Amino acid sequence: MKLNFTGATDPGLIRSHNQDAYYIDPDGRFFIVADGMGGHAGGEEASRIAIQEIQAYLTNQWDFPENTQSLLRLAISQANNSILQDQVSHPERSDMGTTVVVVVFRSPEPPMCAHLGDSRLYHFTNSQVHQITQDHTWVAKAIKTGEIGPEEARSHPYRHVLSRCLGRADLSDPEVQSFELNPGDRLLLCSDGLTEELLDEQIFQLYQNPDLEQTASSLVEAAKANGGKDNITVILISAAHQD
């Protein structure tokens, strides 16, 4: 299946530094978004390390017989270890961490996703949008248990409190799952700077444009127009129809 893809990142309107980072494999084998935290220096470093280490591990181990689920878990574990080592070397950023969402296309296995935190993966068809990942946050758990509703969650003071992220010695295993992608379907990896400002329905409408670069720009600008309070990062992937 041929994939078309693009990405964009923007600091938003409030923050002077961009703690987000992303990587697109030139051959379309894997895609990564990370959203750092821990002050601008710590957050930038955490997301940079995560991207660098996951990209290097996947590239170096790609042709080995390890199954994709194990490959993703090991890549994320390697990134976490590198962040922990940096925390020891630089105590001033000992509280840094980062979310991560990774998508891998590694035939003959189905497409696979791994994530920690509240950076998301969405799946779009012509008629609907589906959030594949489930946020590792206090509010996501509270919604699941019925403690609060989805509308309340959007403005809840604990909405940014993560239950899992990279940069912790007691790292929880990332959620790894396969999914189906058919010709004509589209994917969106994004940081919460997008989803804090736009509802899923708004994102879906903007993603109707077949021009991926225009869509990426439109998503970023729409998030900024709605407040742009955080850094905004998107990766868009489209599965081309077969000729």
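Residues numbered from 1 in each chain as written. Predicted model: local features only at pLDDT ≥ 70, side-chain atom pairs only at ≥ 80, totals over all residues. Heavy atoms only, no water.

An unreviewed UniProt entry annotates the protein chain as Stp1/IreP family PP2C-type Ser/Thr phosphatase originating from Cylindrospermopsis curvispora GIHE-G1.

A. The pairing of strand β9 (residues 186–190), seen in detail. Counting buried residues in β9 gives five out of five residues, a clear majority hidden from the surface. Of the two faces of β9, the one holding Arg186, Leu188 and Cys190 and the one holding Leu187 and Leu189 are both buried throughout. Relative to β9, strand β6 (residues 120–124) runs antiparallel, the two being bridged by five bridges. Looking at the pairing, histidine 123 lines up with leucine 187 of β9. By the bridge criterion, five bridges tie β9 to strand β10 (residues 232–239) in an arrangement that is antiparallel. By the bridge assignment, arginine 186 is partnered in β10 with serine 238. (Buried < 20%, exposed > 50% of the residue type's maximum accessible area, 1.4 Å probe, protein only. Helix = DSSP H or I, 4+ residues; strand = E, 2+ residues; numbered from the N terminus. Pairing = 2+ DSSP bridges.)

B. Here's a closer look at the packing of helix α1 (residues 39–61) against helix α2 (residues 68–89). Contact pair α1 / α2: the axes reach a minimum separation of 8 Å and the direction vectors enclose 140°. Compared by their axis directions, α1 and α2 come out oblique. Between α1 and α2 lies a crossing of right-handed hand. Listed contacts from α2 to Glu45, Ala46, Ile49, Ala50, Glu53, Ile54, Tyr57, Leu58 and Gln61 of α1 are Leu71, Leu74, Ala75, Ile76, Gln78, Ala79, Ser82, Ile83 and Asp86. (Axes fitted to C-alpha atoms, helices over the stretch in contact; angles between N-to-C directions. Parallel < 35°, antiparallel > 145°, perpendicular 65-115°, else oblique. Left-handed = near helix turned anticlockwise from the far one by under 90°. Contact = heavy atoms within 4.5 Å.)

C. Seen up close, the sheet that holds β6. Pairing in this open sheet of five strands is antiparallel, and the strands run β1-β10-β9-β6-β7 from one edge to the other. Two strands bound the open sheet, and with one partner strand each, they are β1 (3–10) and β7 (129–131). On average, adjacent strands in this sheet sit at an angle of 15° to one another, irrespective of strand direction. Most of the contacts of helix α7 (residues 212–225) go to β10, to which it runs at about 150°, and overall it touches β1, β9 and β10.

D. Highlighting the sheet that holds strand β5 (residues 112–116). The strand order across the open sheet built from five strands is β2-β3-β4-β5-β8, with neighbouring strands paired in antiparallel fashion. Looking at strand neighbours, the two that pair on one side only are β2 (20–24) and β8 (175–178), the edges of this open sheet. Here the average twist between neighbouring strands, direction ignored, is 10°. Of the pairings in the sheet, the one linking strand β4 (residues 97–104) to β5 comprises five bridges and is antiparallel in character. Within β5, the residue paired with valine 100 across the bridge is leucine 116. Here α1 sits on the sheet and contacts β2, β3 (30–37) and β4; the angle it forms with β3, its principal contact strand, is near 160°.

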